[in-house]
Amino acid sequence: MYIVGINGSHREQSNSELFLDYVLEKFQTDHEVEKINLLDKHIAFYDACDACVQNKPCHIQDDMHSIFESLLKADVVIFSSPTYYGMPSARLKNLMDRTDMFFASKQLQGKIGVVITNGAGTFAGIELNAKMVRHFFDDHKMVNIPVYACFNNTKDYPENRFPAPLSEKVRKMLDELYENAVDIAEKIRNF
Ligand SMILES: Cc1cc2nc3c(=O)[nH]c(=O)nc-3n(C[C@H](O)[C@H](O)[C@H](O)COP(=O)(O)O)c2cc1C
């Protein structure tokens, strides 16, 4: 399978990246993996021109074009994002808006969507963040895996960063996420 992992954090050495790297490393054993750091990408705002709805190519010349290719190639798409006011980071939200390219044509249909969120506060905002991403997967008719990972209380740690190496509890949750994604992907392939 082709796995695309997208890190939506605004920070270098973020929690989002730490969690994403852990899961991608697991996939790497048997699958082809691509990691995209939105921090390194220039992605302009969508201008709602609707050209893509009329099957015209996207006229905005930026890094989104290579990401379109990666998303089309992907069997599994993983979004890892911090929580900002109960929402995904603006970088990730911006990417989601640009995928309007695929909304009408349903080109992401059937791809497996995986979400990992983290935040400094209670679970309420972090789960809301994950819920929004899962709604995005639903809108694109992607396959939402039943397990998603949310991590909270980063304010308990220096610089709001989870200590590395990750604790056994965190690893267990990410392992479960990975196993569920693989299990569902294999069921879909054998259907
Ligand atoms: C503008 C802003 C808004 C935030 N809003 C929330 C929030 O609503 N809930 C929460 O739990 N944490 C919130 N946080 C804290 C971050 O989600 C937290 O520091 C997170 O661990 C950063 O993740 P990263 O290391 O992957 O970037 C906010 C941080 C910033 C800068």
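The following paragraphs examine the structure supplied in this document. Quick caveat: nothing in here was measured; it's all calculated off a predicted structure.

What counts, and at which threshold
Residue indices follow the written sequence of each chain, beginning from 1 at its first position. In keeping with the model being predicted, local features are shown solely for residues with a pLDDT of at least 70 and side-chain atom pairs are shown and tallied solely at 80 or more, while totals for entire chains, interfaces and linings include all residues. Every helix listed is a DSSP run of H or I at least four residues long, and every strand listed is a run of E at least two residues long, numbered separately from the N terminus. For each residue, a C-beta atom is placed from the backbone, and the residue counts as near a molecule or strand when that atom lies within 6 Å of it. Residues are grouped as follows: Ala, Val, Leu, Ile, Met, Phe, Trp, Tyr, Cys and Pro are nonpolar; Asp, Glu, Lys and Arg are charged; every other residue, Gly included, is polar. Working rule for helices: expected span equals 1.5 Å times residues minus one. Neighbour density around each residue's C-beta defines its exposure: 20 or more other C-beta atoms within 10 Å make it buried, 12 or fewer make it exposed, and counts between make it partly exposed, where C-beta atoms are placed from the backbone. Here the contact rule is simple: place C-beta atoms from the backbone, and any two residues whose C-beta atoms are within 7 Å are in contact.

With that settled, the discussion passes to the environment of Pro163. Among the secondary structure elements, Pro163 is positioned in the loop between β6 (149-151) and α6 (168-189). Placed 138 residues apart in sequence, Pro163 and Glu25 show a C-alpha to C-alpha distance of 18 Å.

Once that is clear, we can look at the site of the ligand. Taken together, the neighbourhood of the ligand is formed by 18 residues, with Ser14, Ser16, Pro82, Gly119 and Gly121 sitting nearest. Only α1 (15-28) and α5 (123-139) provide two or more residues apiece to the shell around the ligand. Looking at the shell around the ligand, its residues break down into 5 nonpolar, 12 polar and 1 charged.

In a regular helix each residue adds 1.5 Å, so 14 residues correspond to 20 Å; α1 covers 20 Å between its end C-alpha atoms and thus fits that length. By the burial criterion, the buried members of α1 are Asn15, Ser16, Glu17, Leu18, Phe19, Leu20, Tyr22, Val23, Leu24 and Lys26. Buried residues along α1 sit against β1 (2-7), β2 (32-37), β3 (76-82), β4 (112-118), β6 and α6.

Turning our attention to the environment of Leu95. In this structure, Leu95 sits in helix α3 (residues 90-98). Classification of Leu95 as buried rests on a count of 24 C-beta atoms within 10 Å. Spatially, the C-alpha atoms of Leu95 and Gln109 are 17 Å apart, while their sequence positions differ by 14 residues. Look past the residues within four positions of Leu95 in its chain and what remains in contact with it is Ile6, Leu38, Ile43 and Ile67.

The quantities given are spatial measurements derived from coordinates; they are silent on function.
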